[in-house]
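# Residue-level structure breakdown
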Amino acid sequence: MIKHLTVIGSGVMGRGIAYVAAVGGYETTLVDISEKALDSAQSEINAIFAKGVQRNKLTEEEANSSMGRMSYSSDLKTIVSKTDMVIEAVPEKLEIKKNIFEAIDQHAPDQCYFATNTSTMSPTEIASFTNRPGKVIAMHFFNPVHKMPLIEIIKGLDTAKETVKAANEVAARMGKETVTVNEFPGFVTSRISALVGNEAFYMLQEGVGEPEEIDKAIKLGLNYPMGPFELGDLVGLDTRLNNLTYLHETLGEKYRPCPLLVKYVKAGRIGRKSGMGVYDYREQEQGGKNNA
Ligand code: NAD
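## Section: the overall build of the protein
- Along its length, the protein carries 12 helices and 10 strands.
- Its C-alpha atoms give the protein principal-axis dimensions of roughly 55 × 45 × 35 Å.
- Counting over 292 residues, the protein shows a buried share of 49%.
- Across the protein, contacts joining residues at least 24 apart in sequence account for 65% of those joining residues at least 6 apart.
- Between the averaged position of the 33 positive side-chain charges in the protein and that of its 37 negative side-chain charges there is a distance of 1 Å.

## Considerations on the domain arrangement of the protein
- Per the domain assignment, the segments of the protein are domain 1 (4–182) and domain 2 (189–291).
- Each of domain 1 and domain 2 has a C-alpha centre, and the two are 25 Å apart.
- Taken residue by residue, the interface counts 13 residues in domain 1 and nine residues in domain 2.
- Both faces combined, the contact of domain 1 with domain 2 buries some 940 Å², and carbon together with sulfur accounts for 56% of it.
- On the domain 1 side of the interface with domain 2, the three residues burying the most area are Glu92, Thr120 and Asn143, jointly 44% of the side's total.
- Linking domain 1 with domain 2 are zero salt bridges.
- At the boundary of domain 1 with domain 2, the tally comes to three residue pairs in polar contact (both at pLDDT 80 or more).
- Of the residues belonging to the side of domain 1 that touches domain 2, the class tally is four nonpolar, five polar and four charged.

## Some details on the site of the ligand
- The full set close to the ligand counts 27 residues, and Met13, Asp32, Glu92, Lys97 and Ser119 are the nearest of them.
- At 3.0 Å from an oxygen atom of the ligand is found a main-chain nitrogen or oxygen belonging to valine 12.
- Residue methionine 13 places a main-chain N or O atom 2.9 Å away from an oxygen atom belonging to the ligand.
- Protein chains shield 86% of the accessible area of the ligand, which is 840 Å² for the free molecule.
- For the shell around the ligand, the secondary structure elements donating two or more residues are helix 1 (12–23), helix 5 (94–107) and helix 11 (237–251).
- Ranked by the residues each element gives to the shell around the ligand, the list is headed by helix 5, at three residues.
- Counted by class, the shell around the ligand contains 12 nonpolar, 11 polar and four charged residues.
- When residues of the shell around the ligand are assigned to domains, at least three fall in each of domain 1 (4–182) and domain 2 (189–291).

## A word on the sheet that holds strand 8 (residues 177–182)
- Judged by pairing direction, the sheet is mixed, and its eight strands sit side by side in the order 3-2-1-4-5-6-7-8 without closing on themselves. The open sheet terminates on both sides in strands that have one partner only, identified here as strand 3 (70–73) and strand 8. When the angles between neighbouring strand axes are averaged without regard to direction, this sheet yields 25 degrees.
- Contacts from helix 7 (residues 161–173) reach strand 1 (4–8), strand 4 (85–88), strand 5 (113–116), strand 6 (136–140), strand 7 (150–155) and strand 8, with the element oriented near 30 degrees to strand 6.

The rules behind the values
Residues numbered from 1 in each chain as written. Predicted model: local features only at pLDDT ≥ 70, side-chain atom pairs only at ≥ 80, totals over all residues. Heavy atoms only, no water. Helix = DSSP H or I, 4+ residues; strand = E, 2+ residues; numbered from the N terminus. Buried < 20%, exposed > 50% of the residue type's maximum accessible area, 1.4 Å probe, protein only. Contact = heavy atoms within 4.5 Å. Lys, Arg positive; Asp, Glu negative; His and termini not counted. Charge placed at Lys NZ, Arg CZ, Asp CG, Glu CD. Domains from an automatic or database assignment. Buried area = accessible area lost by both parts, 1.4 Å probe. Salt bridge = Lys/Arg side-chain N within 4 Å of Asp/Glu carboxyl O. Polar contact = N/O pair within 3.5 Å; in protein donor to acceptor, adjacent residues only side chain to side chain. Nonpolar A, V, L, I, M, F, W, Y, C, P; charged D, E, K, R; others polar. Near = heavy atom within 4 Å. Areas by Shrake-Rupley, 256 points an atom, 1.4 Å probe, with all protein chains shown as cover. Pairing = 2+ DSSP bridges. Axes fitted to C-alpha atoms, helices over the stretch in contact; angles between N-to-C directions.

Spelled out as structure tokens, the structure:
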């Protein structure tokens, strides 16, 4: 029975995952190596609770009891030694994930489940960093986590049936729909999303149109809720580039990252989280954007 959940990485995704876990009734600890990231996560989570109450998505009592179930820590070893499930949301770099999974395998109880929120990587490979491959699975959340209804659940080669069941139960408690798929790089959603986002950058590089024109064409012509640049800035262009690099290595040429995307990341223009990506967010704290 899962009572306590640990979310590792308090960035764009981890904070949202911790929020839905606490609202779902789990004692939840958000862990990060960066105190600054934890502080920023706590303020954002508190703001999501406040907005939720304002918009009648949850009562003040529910918000208070959920907030009471949340804690924040940089002490990974102590927290995972008493947890029932870990959801990892650190950057999409294999070396970082490897270090995390080796550490949690050493310190978490034997019955503890491990989920990775990787967008593209192999849960089988991630499971191989542990001595409990049957207990490892990918739970791919979407951004923003508190609004997006789906979790893509991906089974690795050795993922046990009870782990799939546990992941689905956790997802249901978080109020999410699921699809359960077999492992292949990029799963279902990241493969398509990475291609569309990359192609949009090639169009920008080729001078096909301004970002607003391309975003508008895709939204109104293809009925996408967001344009590829709006989505890329929300996801983080660094994360998008990491995904593409991995898919390029594993699936081949069609995923080669567009040089213009690489240039944006080198410049530090990585999207909303840095204040500037394809669009400029520096003066638009209320969610607006300018072409940068
Ligand atoms: P992010 O860069 O916003 O946050 C990562 C966090 O991990 C940072 O706060 C960082 O301080 C922390 N971190 C780094 N090393 C750590 C360590 N050793 N121990 C603890 N914390 C550590 O990244 P993100 O966008 O939240 O992405 C996290 C994962 O989720 C990636 O695997 C990504 O592919 C996946 N993902 C991202 C999105 C998206 O829209 N951004 C969507 C789905 C899945």
